[in-house]
Amino acid sequence: MKRWFKQKLGRDIMVVLYSFLVIALVGSVLTYVYIENRLEANEAKLRQVDERVDRLTVLWDEWQADQYDTRGYLLFGDTETLERASANEAKFQQEINWFKTQVQSRQGQLFAEDLQQFHNFYYDVVIPVTYEYAQAQQDGEITETFIDAKTIAELPTAQRLIEQGLVQFNPDRGIDILGPIDEVESSLENYRDLMASEKETVYAEWHQNNNILQFLWMMSIASFAALILLFVQPFLRRQTRLISRLSNASNRLLKGEIVDLSDQMKREDEIGTMSRSFHKMAETLRDNERHLIEKNHELQAQQEELIAQQEELQAQQQELEEILEQTQQNEQHLAYRNELTETLASRDSLTAYPEIIEKLVTITDSEVGALVFVDEAENFKVTSHGLNETLTRQLLDSENSVLTRAMSLKTTVHSSKQVASDHPLPYPYYMFETAVPVNDPTDDSIIAFIYLVRYKDRFTQTQMGDIMSFARQLSLSLLRMRLFEEMKREKGKTERILDSIREAVVYIEHATDDVFVNRPLYEMFPELSEVSSLDLEEESWEEWRHRLVETVDQAEDFMKYTNRLFTEDFPHDSVSFSIRKGEMNLQMYAERIIVGGLSKGTLLVFRDITSETEAERLKSEFISTISHELRTPLSSIYGFTELMVKKQLPNEKQAKYLETIHAETERLTHLVNDFLDVQRMESGSQMYDREQLDIEPVVRDMLTFYEASSLKHKFELIADDLQPYELFVDCQKFKQLMSNLLSNAVKYSPRGGKITVELEHHEQIVSIKVMDEGIGIPSDALDRLFDKFYRVDNSDSREIGGTGLGLPICQEIVRGHNGQIHVESIQHKGSTFIVEIPSYEFAVQEAETTPV
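Residues numbered from 1 in each chain as written. Predicted model: local features only at pLDDT ≥ 70, side-chain atom pairs only at ≥ 80, totals over all residues. Heavy atoms only, no water.

J.: Help me get a handle on the overall build of the chain, residues and values and all.
T.: From N to C terminus, the chain includes 25 helices and 19 strands. The C-alpha radius of gyration of the chain comes to 74 Å, more than 25% above the 29 Å expected for a compact globule of 852 residues. Taking the principal axes of its C-alpha atoms as reference, the chain extends roughly 195 × 130 × 60 Å. A burial count over the chain gives 35% of its 852 residues as buried. Considering only residue pairs separated by 6 or more positions, the chain has 60% of its internal contacts joining residues 24 or more positions apart. For the chain, the distance from the average position of its 88 positive side-chain charges to the average position of its 145 negative side-chain charges is 8 Å. (Helix = DSSP H or I, 4+ residues; strand = E, 2+ residues; numbered from the N terminus. Rg over C-alpha atoms; globule rule 2.2 N^0.38 Å. Buried < 20%, exposed > 50% of the residue type's maximum accessible area, 1.4 Å probe, protein only. Contact = heavy atoms within 4.5 Å. Lys, Arg positive; Asp, Glu negative; His and termini not counted. Charge placed at Lys NZ, Arg CZ, Asp CG, Glu CD.)

J.: Run through the packing of aromatic side chains, naming residues and quoting values.
T.: Counted under the stated rule, the structure contains 14 aromatic pairs. Feature note: the residues W98, F99, F111 and Y191 constitute an aromatic cluster, connected by ring pairs. When the ring centre of W98 is taken as origin, the NZ or CZ atom of R55, which lies over that ring, is 4.1 Å away. It is R454 that lies over the ring of F459; its NZ or CZ is 5.8 Å from the centre. (Phe/Tyr/Trp six-rings, centres within 6.5 Å; stacked < 30°, edge-to-face > 60°. Lys NZ or Arg CZ within 6 Å of the ring centre and 35° of its normal.)

J.: Please set out the nonpolar core residue by residue, giving values where relevant.
T.: Formed by 50 residues in total, the largest nonpolar core has its most connected members in I695, F734, L741 and V757. Per element, the largest residue contribution to this core is 8 residues, and it comes from helix α22 (residues 731–747). The residues touching L741, leaving out its near neighbours within four places in the chain, are V770, L807, C810, I821, F833 and V835. Counting residues in each nonpolar core, the second largest holds 37 residues, with L115, F121, I142 and L161 among its members. (Core = buried A, V, L, I, M, F, W, Y, C linked by side-chain atoms within 4.5 Å.)

J.: Explain the layout of surface pockets to me, and be specific about the residues and the numbers.
T.: Approximately 1300 Å³ is the volume attributed to the largest pocket. Around the largest pocket, the lining is made up of 44 residues, and of these D674, N740, S743, N744 and K747 lie nearest the centre. When contributions to the lining of the largest pocket are tallied by element, the ones reaching two or more residues are α20 (651–683), α21 (695–709), α22, α24 (806–816) and β19 (830–838). Counted by class, the lining of the largest pocket contains 17 nonpolar, 18 polar and 9 charged residues. In this structure, the second largest pocket encloses a volume near 680 Å³. Breaking the lining of the second largest pocket down by element, the ones donating at least two residues are α14 (461–500), β8 (504–509), β9 (515–517), α15 (519–524) and α16 (533–538). Looking at the lining of the second largest pocket, its residues break down into 10 nonpolar, 3 polar and 8 charged. (1 Å grid on protein atoms, 1.4 Å probe; cavity = no way out; pocket = protein on both sides within 12 Å on 5 of 7 lines; lining within 4 Å. Points joined across faces, edges and corners; volume = space filled by probe spheres on them. Nonpolar A, V, L, I, M, F, W, Y, C, P; charged D, E, K, R; others polar.)

J.: Quick one: what's the story with a negative patch on the surface, residue by residue and with numbers?
T.: A contiguous patch of negative charge on the surface is contributed by E319, E321, E322 and E325. Within the element layout of this structure, E322 appears in helix α10 (residues 270–346). (Patch = residues over 30% accessible without salt bridge, like charges linked within 9 Å, V, L, I, M, F, W, Y side chains within 5 Å. Areas by Shrake-Rupley, 256 points an atom, 1.4 Å probe, with all protein chains shown as cover. Salt bridge = Lys/Arg side-chain N within 4 Å of Asp/Glu carboxyl O.)

J.: Quick rundown of unusual backbone geometry? Include the residues and the values.
T.: Even without being a glycine, D365 presents a positive backbone phi close to 55°. Along the chain, D365 falls in the loop between α11 (353–363) and β3 (368–374). Backbone geometry places K581, a non-glycine residue, at a positive phi of 55°.

J.: Outline the sheet that holds β9, listing residues and values.
T.: Two strands in a sheet stick together by hydrogen bonds in their backbones, pointing the same way (parallel) or opposite ways (antiparallel). Strands sit in the order β9-β8-β12-β11-β10 across an open sheet of 5 strands; the sheet is antiparallel. Pairing within the sheet leaves two strands with one partner each, and these edge strands are β9 and β10 (574–579). Strand after strand, the sheet turns through a mean of 25° between neighbouring axes, direction not considered. Note: strand β11 (residues 584–595) against strand β12 (residues 598–608), 10 bridges, orientation antiparallel. Across the sheet, residue I593 finds its bridge partner in β12, namely G601. Where helix α17 (residues 541–549) meets the sheet, its contacts fall on β8, β9 and β12, and the angle it forms with β9 comes to roughly 45°. (Pairing = 2+ DSSP bridges. Axes fitted to C-alpha atoms, helices over the stretch in contact; angles between N-to-C directions.)

J.: How would you summarise the sheet that holds strand β6 (residues 429–439) if you had to cite specific residues and measurements?
T.: Here 5 strands make up an open sheet; going across it, the order is β4-β3-β7-β6-β5 and the pairing antiparallel. Both edges of this open sheet fall to β4 (380–385) and β5 (413–419), since each of them pairs with a single strand only. Put simply, the sheet's adjacent strands are angled 15° from each other on average, direction ignored. The sheet strands contacting α11 are β3, β4 and β7 (446–455), and the helix crosses β3 at an angle near 135°. Along the sheet, helix α13 (residues 402–409) contacts β3, β4, β5, β6 and β7; its crossing angle with β5, the most-contacted strand, is approximately 160°.

Okay, here's the thing in structure tokens:
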């Protein structure tokens, strides 16, 4: 068993812990049982004392109640209370007997005897005497209203008890009953004091038990601490000491010291196992250390060899870095040259040359530089870098400057001089200048100079090669710039020419699909202005075509025509279409641009033929109207005259035919007069015989005339002002104006209704409103209502005849009198034509102030 414990360190620890736990558990159980018994005994004593006190209190209270009942009888003569008092005798005796069984002390025994004596006195003396006194009252032997002590003492029972000495007699109070009562009350108080004393004793024992419990609890803690200090701690210290030895041995082993754990290796537990393993590990480490020392010597030899190789590599790296730096410098130099070449190739004006001279200064390691351009008049224009105005002026004006000498010699000139000044360097230095002419490749004339300055060092052959190469590139760049400027001028001229023509032009470059347009195209298609010019410049012809076709009403015809532009079926005819729902009519034709026998582009021309189309429409409408309006009366005249020529007609029928011929002839006359009026008014040859005219009676007479000729219409004149409605007008033309308006009101009110003419004064004009309740005018026809030959094309007005000249004649008459006419109408509700003509006074005043 002992060996079994020594094999595991944990088993020793568990034995100590379990022993400690068993001792603690047994001690706690014993303490708990002891304390529990003491507490139960205290509780039993306490319950016994409380029971005796409670039962004694109940006994005494009931006894007091019986005494009150007995006294009540003596006071009020109620026999029932007396019988209730005597009925409790057995109950009181039973309680007294219980007290006797509970007697544990001498004082308790005396208390029980006192209770018994009082019980006997009460039921042997008081109750019998009281019964006898009550019987005597019932028998009428006693008639007194107050209880007399002498009467009670003379009762036979009282006499017998007095003689037997069971009760004392007092001449003043009769038989003595208070003495026993005082005695038993005194005994009761003593017994209560005894119970209180016993209760205090029980509480004292309870307190003592609590103190004992606390003492045992403190002792248990002290015992546990003592066990830990005496047994557990030495055991753990002993075990940790062994582990500490292993730790120290490990540290010593790391320091290379020799470690001896032979005493621990004999142990059979884990420490012994660890000691043996540690010993083996120490042996292994010592072997490895020896091996590492040998390996270290070998590595040191290799390290020395590597250091030598590293020094060689560093030397090679330094050489490579120098080569890399030189390569980077060359790359930077080439980058500057490329940028310089690209700048020369891409720039198209002198504004870019400050950047060019800056790069040339950088490439040649110069401090300052300048490009001096010479025009045909030998004027100079300088673009410099780091060259102030004073030095620039000296360079141009001094006869000894390298620039002047290079100009006179027409070759490259170098110069060097020592500068004593401390600017821009803080010490005297040498300044090396060079001026290289730039020749025009076309005639070898000088067009510019390159001027560069270096401090301290001369220009190398490489730098001079770069400068000469740049001079040739600069000459080509200037030549290209000259050509570009010329092309730009030609382009501007062409754009101005294209913009000056009235037709819109679109040119499509075949090679690049670029599209060029002139300004009239934007005026013709204002929708293009909503797109930025930059976006339009980047768009192809297909994108342009889709933008244009969005506004074309005949999109299919437009697309078919433009689809033929780049095919063998090139359109040599033109196509006409309208845009924006007939707002404008256009004619488009295409032409190929042939250069050197090759087709370079296609030109599309858009002509505005709106006025021509409108003229054609008016012409067509005029012919149609004339044909229709003239054919009807002429047919009637021809038919009736033919009948009258070929047949013998009765006089009545012949007269009727002649009236019809006369009416149709009059209609033809009016029609021709309308044509002539329109022609005169448009040509400005219409003359007005103006006079002062009150229009109210004129309008009233005309309404009377129309009222007589039309039975379906009612006519009304509203002229409420007292002031006369005087105008400075041609009376006949005014009647023609009102006749046209009133006849239109009658014609376009085929179902009848009310026609009202309202006259009003408005400051300096007189307003004439002709209102009807007819078919009205569609809103989309209002704008064209006063156009010649225009008639509303709908089912309501199609059956109503007319030439479409009445309203244009009205408009011309109103304009001829410096007035205005307009219309307000709601379809199917009626129309109101409003004529506003200056009043007579205002018209005369205007005529007087207007210069002839």
